[in-house]
Amino acid sequence: MLKTFFTFTLPLLILTNVFAVDPAESMAPGAIKGFVYDSLRRQPLEYATVSIVRASDNTLITGTITDETGFFKINGVEPGKYFVDVTFIGYYSKRIGNVEVKPQLRSFDMGQVLLVSSNKDIDEVIVVADRPTMKYQIDKKVINVSQHHTSSSGSAVEVLENIPSITVSIEGDVSLRGSGSFTLLIDGKPSIMDANDALNQIPASQIENIEIITNPSARFDPDGVAGIINIIMKTNRLQGMSGVVNASGGTHNRYGGDFIINYRKEKFNFLVGADYNRRGMLGESINRNETYRNDTTFYRYSLGEFDRGGYSWGFRLGADYNINAKNSLSVAYRFGDRSRGGSSDLVYQEWNSPTPNDVREYSSTEDSKRGGFFHHVTMDYRKEFDTKDHNILAQVSLGSNKFSEESENLLFDAKDLIYDGQKSIGESPGNRLTFKLDYTLPFGKSSKFETGYQGNLRSSDESNTMSIYDIEEKLFMVSDSFSKEVNYQTNIHAVYAMLGGERGDFGYQLGLRTEYTDRRIDLVGETTDFNLNRWDYYPTAHFSYNLPAEQEIMASFTRRLQRLRGWYLEPFYTWSDAYNIRIGNPDLIPEYIESYEVSYQKRFTKNVISVDLYYRVTNNKIERLRSIYEDNDNIFLTTFANVGQSFSLGTEIMVGFDPARWWHFDLMGNIYDYKQEGEFSGRSYSAESFNWNARMNNNFKLARFTRLQFTGMYNSPTVTAQGTSEGFFVTSLALKQDFLKNALSLTLSVRDVFGTMGHKSTVQDDGFYTYREWNPSTPIFTLTASFRINNFRDRRRGSNGSDPMDDMGGDEEVGF
């Protein structure tokens, strides 16, 4: 793997050196450069006009405009004396004299040029404006996280609870349009962590935007039934030193903090950041299990308390270097540690139907955790050609992790003595190397051709050790029959091509991606291996049409797949606790998805109405199937199987408007019909349900520097192959107050204001029935403080503006 890494990166470094010198710039007689800032707020003014005027005859020689950092540089200036005129709408123009370019000094640095606003009351003006909560592009929805005050102290999961197309279960598992299968990107780069683990780790305070891409183009990895969630992290556009520091504390053992320090100087940008967060959730759980054999019903009920949560910490640093106007290089590194898990203390009662008065009582304790250390390094090189949007992007990333999972379960009799117990320890260190090369060639008036290559090389060595508690020795003894080792190796190579353009009001984008997968699974000590070599093809099509009066209609089709995770395939038993065991299925084949979507949008000055119609067909549907383990009435076995097809037909409606000048309201709803058809081992697993969820966001401007936000979310009941999940409703409230001219902010948030977050579910099949009730202790109160150093401003970027500062690492996929 390292050989491949250096084979790819060395040519990239050579290319960087080749392009490091711009011939036009080196031959220029001289240059004038500087920055244009607002005189009061000391913030850069983008698109300010800078003109060079010959001092001897007042003749205009040349000019330019400033970039997003306020920087300008004008090459090709002959030696002589000049005036520099700087103008910008809403500001007084400024002329700077005594600017002289000398033959022996090729560059004249003007430093900071400060423009004064033409508003006479500028000294009293502090801009207080809210960015739109959501904005819509042809292939995605972009959510502004800074407007979600109720989740400012939480993780990315709390933010996603209030985002269209997303549902979050009571356990914190994320679904996109009803599917838990999606691809997670961080600044456009894949995360090597399990998606839910990564989302629970990322602090909401470090997120700039979240992009929801339900029908991605051929440029993207096709993994994920429902599409892509892209987390855009914060960085800064101000020159010089700036930053932001956040700290929070609350009930349920919740506290944490993070910081970002940024230094930008002309062509260079450096960033360093760190975060630490601890999240907790307390509550009560109820479980009822019934198993049926012959004429006897066996009952096992439990009641007790749980404490779930974990911690995470991370450190990141990065650098951008604009080699010249057409070449840039970025390097980033991130490392950290995370742990998620929980503990519970339960009281059990067991009996059966012939002898209902013979009740056995006992108790249990359970502790589990999963997590570990990870690190990730990424390098990006971008080459721009003379024609606009004509470019090459090369990227190499290397990551590794040392993850583990551990659970311990002890059973106590009526005298509080241990009579049984088990411990399971799993190790899963892994490595991942990805590299890609993207090329874009515009042609004609508004057309372009895109093509590229992507490679993804992954490996992991996983082991699982099972130990049984020895009552006499009073310690755990390893059970060899339940201890296994597995080696995974997956290499995926892909190429794609896309053709897109516009013809008047009509826009189109057609794409095709093909992938070759080489997968090897080696069971240590066994003679049977599970290998796969496969080609697959993924066509995509996107169309748009602009209607009068700021209206647009769009249609798209994509083919995708759900890659198989390693533990889906492991053909051996792994114990989760004393009553649950799982085994993988090496004969599984991946799910293939056909996704169709039609969207309509109507834009207003600050508001929008959006209606999406979608239809999704999933072939080779994979379900988790539960059954009784080897006629043991108290132990349940979970496995995985392809059971048939599933169909989702629905509509998603989003409306945002201002009922009053001080009140902005967003209403989002998703309504869909879900149907599953299939069977396994002669048993039908067909099911159908009508599902809907709704959420609302209310933002109130109570005063100049005071904001109040109230949000609500409802998820309707739904079905699975073997059971049901009841609906639940959650409301949150936040009050934000700014101080010191917006440099300091305090936010008090309350999650689950009315204590309605509880959740109930059932699983039922031939021979058993399970009921589960989960009631967290709420509401949860959190106070967050945010301090901006030198008025830190987040950079506004699109999805292809790749901030190299972040990525993270997790559970390995093993391909098909």
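Residues numbered from 1 in each chain as written. Predicted model: local features only at pLDDT ≥ 70, side-chain atom pairs only at ≥ 80, totals over all residues. Heavy atoms only, no water.

1. Quick notes on the sheet that holds strand 4 (residues 71-75)
Here comes step 1: A sheet is described by the order of its strands in space; here 3 strands give the open sequence 4-1-7, paired in mixed fashion. Bordering the open sheet on either side are strand 4 and strand 7 (107-115), each of which pairs with just one other strand. Within the sheet, the average angular offset between the axes of one strand and its neighbour, ignoring direction, is 20 degrees.
Here comes step 2: Strand direction decides the pairing type here: strand 1 (residues 31-38) and strand 7, joined by 7 bridges, are parallel. Bridge pairing in strand 7 links V36 to V113. (Pairing = 2+ DSSP bridges. Helix = DSSP H or I, 4+ residues; strand = E, 2+ residues; numbered from the N terminus. Axes fitted to C-alpha atoms, helices over the stretch in contact; angles between N-to-C directions.)

2. Considering the sheet that holds strand 5 (residues 80-87)
Here comes step 1: Taken together, 4 strands build an open sheet; the order of strands is 3-2-5-6 and the sheet is antiparallel. Unpaired on one side and paired on the other, strand 3 (59-65) and strand 6 (94-101) mark the two borders of the sheet. Within this sheet the neighbouring strands show an average axis-to-axis angle of 25 degrees, counted without direction.
Here comes step 2: Looking at chain direction, strand 2 (residues 49-54) and strand 5 are connected through 6 bridges and run antiparallel. Bridging across to strand 5, S51 finds its partner in D85.

3. What to know about the confidence of the model for the chain
Here comes step 1: With 84% of its residues at a pLDDT of at least 70, the chain reaches an overall mean of 81.
Here comes step 2: Per-residue pLDDT, averaged within each element of the chain, yields its smallest value for helix 2 (residues 23-27) (41) and its largest for strand 43 (residues 768-776) (92).
Here comes step 3: When the criterion is pLDDT under 50, residues 1-28 qualifies, and its contacts beyond four places in sequence or with other chains add up to 48 contacts.
Here comes step 4: The model gives residues 793-816 a pLDDT under 50, and that stretch makes 131 contacts with residues more than four places away or in other chains. (pLDDT = per-residue confidence, 0-100. Contact = heavy atoms within 4.5 Å.)

4. What about the pattern of salt bridges?
Here comes step 1: Following the criterion strictly, the structure yields 18 salt bridges and no others.
Here comes step 2: Salt-bridge contacts for E450 lead to R219; the nearest nitrogen and oxygen are separated by 2.5 Å. With E450 in strand 24 (residues 447-470) and R219 in the loop between strand 14 (207-213) and strand 15 (228-233), this pair connects stretches of sequence that are 231 residues apart.
Here comes step 3: Its salt-bridge partner being E384, residue R382 comes within 2.8 Å of it at the nearest N-O pair.
Here comes step 4: Residue classification places R382 among the partly exposed positions, given a relative accessible area of 24%. (Salt bridge = Lys/Arg side-chain N within 4 Å of Asp/Glu carboxyl O. Buried < 20%, exposed > 50% of the residue type's maximum accessible area, 1.4 Å probe, protein only.)

5. Brief notes about the nonpolar core
Here comes step 1: Core analysis: the biggest nonpolar cluster contains 23 residues, and V174, F182, L199, I207, I210, I229 and I231 have the highest contact counts within it.
Here comes step 2: Of all elements in the fold, only helix 3 (156-160), strand 11 (174-176), strand 12 (183-186), helix 4 (195-201), strand 14 and strand 15 reach the threshold of two or more residues within this core.
Here comes step 3: Among the elements that line this core, the one with the most residues is helix 3, at 4 residues.
Here comes step 4: Listed in part, the 19 residues of the second largest apolar core include I32, V50, F72 and I96. (Core = buried A, V, L, I, M, F, W, Y, C linked by side-chain atoms within 4.5 Å.)

6. Some details on the packing of aromatic side chains
Here comes step 1: Taken as a whole and assessed by the stated rule, the structure comprises 33 aromatic pairs.
Here comes step 2: Taking the centre distance of 6.3 Å and the plane angle of 55 degrees together, the rings of F35 and Y37 count as tilted. Across the pair, Y37 and F35 agree in class, each one buried.
Here comes step 3: Seen from their ring centres, F315 and F335 are 5.5 Å apart, and the 45 degrees between their planes marks the pair as tilted. In this pair, F315 sits in strand 19 (residues 296-324) while F335 sits in strand 20 (residues 327-352), placing the two residues 20 residues apart along the sequence.
Here comes step 4: With a relative accessible area of 24%, F315 lands in the partly exposed category.
Here comes step 5: Owing to a relative accessible area of 22%, F335 belongs among the partly exposed residues under this scheme.
Here comes step 6: Of the aromatic side chains, those joined through ring pairs into one cluster are W313, F315, Y333, F335 and F373.
Here comes step 7: Positioned above the aromatic ring of F403 is the side chain of R338, whose terminal nitrogen or guanidinium carbon lies 4.3 Å from the ring centre. (Phe/Tyr/Trp six-rings, centres within 6.5 Å; stacked < 30°, edge-to-face > 60°. Lys NZ or Arg CZ within 6 Å of the ring centre and 35° of its normal.)

7. Here we look at the pairing of strand 42 (residues 759-765)
Here comes step 1: Relative to strand 42, strand 39 (residues 723-725) is paired through 3 bridges, and the arrangement is antiparallel. Note that in strand 42 the partner of G723 across the bridge is V763.
Here comes step 2: The turn linking strand 42 back onto strand 43 is made up of 2 residues, and G767 within it adopts a positive phi angle of 100 degrees.

8. Quick look at the environment of G727
Here comes step 1: Relative to the helices and strands, G727 resides in the loop between strand 39 and strand 40 (728-739).
Here comes step 2: Sequence spacing of G727 and K760 is 33 residues, and the spatial spacing of their C-alpha atoms is 7.9 Å.
Here comes step 3: Excluding its chain neighbours within four sequence positions, the residues that come into contact with G727 are Y714, N715, S716 and P717.

9. Topic: a nonpolar patch on the surface
Here comes step 1: On the surface, V245, F259, L702, L735, F739, L740, L746, L748, L783 and F787 cluster together to form a nonpolar patch covering roughly 850 Å² of accessible area.
Here comes step 2: Assignment of secondary structure puts L783 in strand 44 (residues 780-789).
Here comes step 3: Given a relative accessible area of 46%, L783 falls into the partly exposed group. (Patch = residues over 30% accessible without salt bridge, like charges linked within 9 Å, V, L, I, M, F, W, Y side chains within 5 Å. Areas by Shrake-Rupley, 256 points an atom, 1.4 Å probe, with all protein chains shown as cover.)

10. Focus on the environment of D258
Here comes step 1: With respect to the secondary-structure elements, D258 resides in strand 17 (residues 254-265).
Here comes step 2: Taking the C-alpha atoms as reference points, D258 and A274, separated by 16 residues in sequence, lie 5.5 Å from one another.

11. Remarks on a negative patch on the surface
Here comes step 1: On the surface, a cluster of negative charge is made up of E284, E305, D345 and D367.
Here comes step 2: By the element assignment, D345 lies in strand 20. (Lys, Arg positive; Asp, Glu negative; His and termini not counted. Charge placed at Lys NZ, Arg CZ, Asp CG, Glu CD.)

12. Looking at unusual backbone geometry
Here comes step 1: Here the amide bond leading from T778 into P779 is cis, since omega sits at 10 degrees, within 30 degrees of zero.
Here comes step 2: By secondary structure assignment, the location of P779 is in the loop between strand 43 and strand 44.
Here comes step 3: Phi at H252 is positive, roughly 60 degrees, even though this residue is not glycine.
Here comes step 4: Checked against the element boundaries, H252 lands in the loop between strand 16 (240-250) and strand 17.
Here comes step 5: You can call H252 buried: its relative accessible area is 14%.

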